[in-house]
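Residue strings, one per chain:
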Amino acid sequence: MITLYGHPISGNSHRVANFLNILGMEYTDKIVDLEKGEHKLPEYLAKNPLGQVPTLTDDDVVLRDSTAILIYLARRYDQSNTWFPEDPVTQAQIQQWLSVAVHEVMIGPFVLRAIQLFGMPADEVQAREKTEKLFNDLFVPHLSDKKWLVGEHPTIADIACYSYIARVTEGNFSLEPYPAIRQWLANVEGIDGFKPMIHANK
Ligand SMILES: N[C@@H](CCC(=O)N[C@@H](CS)C(=O)NCC(=O)O)C(=O)O
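Residues numbered from 1 in each chain as written. Predicted model: local features only at pLDDT ≥ 70, side-chain atom pairs only at ≥ 80, totals over all residues. Heavy atoms only, no water.

A.B. asks: Would you take a moment to explain the overall build of the chain for this structure?
C.D. replies: For the chain, the helix and strand inventory stands at 8 helices and 4 strands. Over its C-alpha atoms the chain spans a radius of gyration of 16 Å, differing by no more than 12% from the 17 Å that the globule rule assigns to 202 residues. Seen through its C-alpha atoms, the chain measures out along the principal axes to roughly 45 × 40 × 25 Å. A buried classification covers 49% of the 202 residues belonging to the chain. (Helix = DSSP H or I, 4+ residues; strand = E, 2+ residues; numbered from the N terminus. Rg over C-alpha atoms; globule rule 2.2 N^0.38 Å. Buried < 20%, exposed > 50% of the residue type's maximum accessible area, 1.4 Å probe, protein only.)

Written as structure tokens, this is what we have:
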């Protein structure tokens, strides 16, 4: 039995919830109350010593880190073998985007949103510049003639990068000047089983 420990406004949690839905998996959704500090209680730390969401348990398997969980779910449950195919070049290309999802997306779009929603103490001008650079140097040129980040099918690269880029608008960053990115977000939203990420209340 699969249980996802997450939080509705966490993009890291959304990556996993979205992919579980797309795969059509049955799972139990457990909300970890971050405001009450449930993620720092011993019971939760026993599953995830970093005290972060998401964590996924699948019977005896306990996994932290959203992109690691995406890899696990794809390799274990994707019968189509398209979300993280075995081919080495495709896997490496997907990994390039998973790295972007956990670094460049976090220091740009994630930080902009966290400043607005949670008052994260961070340099907003710098986070805006990093977001613009990420979009202009990588996403826009890449997506100019492609529907998906890797190959001809959606992969876990798209799932990993989607959540915080879709909600960068909650960080007072407009996606209007980026039609290629908006089209790619719409492509992801059109995947069967796609689960929207809630819009956080400001
Ligand atoms: N690399 C981790 C990052 C997880 C993460 O930072 N989660 C945030 C919520 S989006 C969290 O739990 N923050 C609480 C904390 O670090 O104390 C992943 O991809 O899952």
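A.B. asks: Just to check I follow, could you spell out the packing of aromatic side chains for this structure?
C.D. replies: Remark: the centre distance and the inter-plane angle together describe each pair of aromatic rings, the angle taken between the planes. Evaluated as defined, the whole model comprises 11 aromatic pairs. With a centroid separation of 5.2 Å and an interplanar angle of 90°, the aromatic rings of F110 and Y164 are classed as edge-to-face. Placement of F110 in helix α5 (residues 104-118) and of Y164 in helix α7 (residues 156-166) is noted, with a sequence separation of 54 residues between them. Just as F110 is buried, Y164 falls in that class too. A network of ring pairs unites the aromatic residues W97, F135, F139, F173, Y178 and W184 as a single cluster. (Phe/Tyr/Trp six-rings, centres within 6.5 Å; stacked < 30°, edge-to-face > 60°.)

A.B. asks: Teacher, can you tell me more about helix α6 (residues 124-143) here?
C.D. replies: Note on helix geometry: an α-helix contains 3.6 residues per turn, so any two residues three or four positions apart are oriented the same way. Helix geometry: α6 is bent most strongly at F135, by close to 35°. Those residues of α6 not exposed but buried are A127, T131, L134, F135, F139, H142 and L143. Lining the buried residues of α6 we find α4 (88-102), α5, α7 and α8 (179-189). At the N-terminal end of α6, a side-chain oxygen is found 3.1 Å from the backbone nitrogen of V125, two or three residues along, and the residue is D123. (Bend = angle between axes of the 7 residues up to and from the residue. Contact = heavy atoms within 4.5 Å. Polar contact = N/O pair within 3.5 Å; in protein donor to acceptor, adjacent residues only side chain to side chain.)

A.B. asks: Can you walk me through the side chain of R15 in this structure?
C.D. replies: Along the chain, R15 falls in helix α1 (residues 11-23). Buried charge without a partner: R15 forms no salt bridge, and the closest opposite charge is D65, 6.5 Å away. Within the structure, R15 has its side chain in polar contact with the backbone oxygen of A101 (distance 3.0 Å). For R15, the residues in contact, after removing those within four places along its chain, are S66, T67, L70, A101, V102, M106, I159, A160, S163 and Y164. (Lys, Arg positive; Asp, Glu negative; His and termini not counted. Salt bridge = Lys/Arg side-chain N within 4 Å of Asp/Glu carboxyl O.)

Remember that the coordinates give geometry; whether it matters functionally is a separate question.
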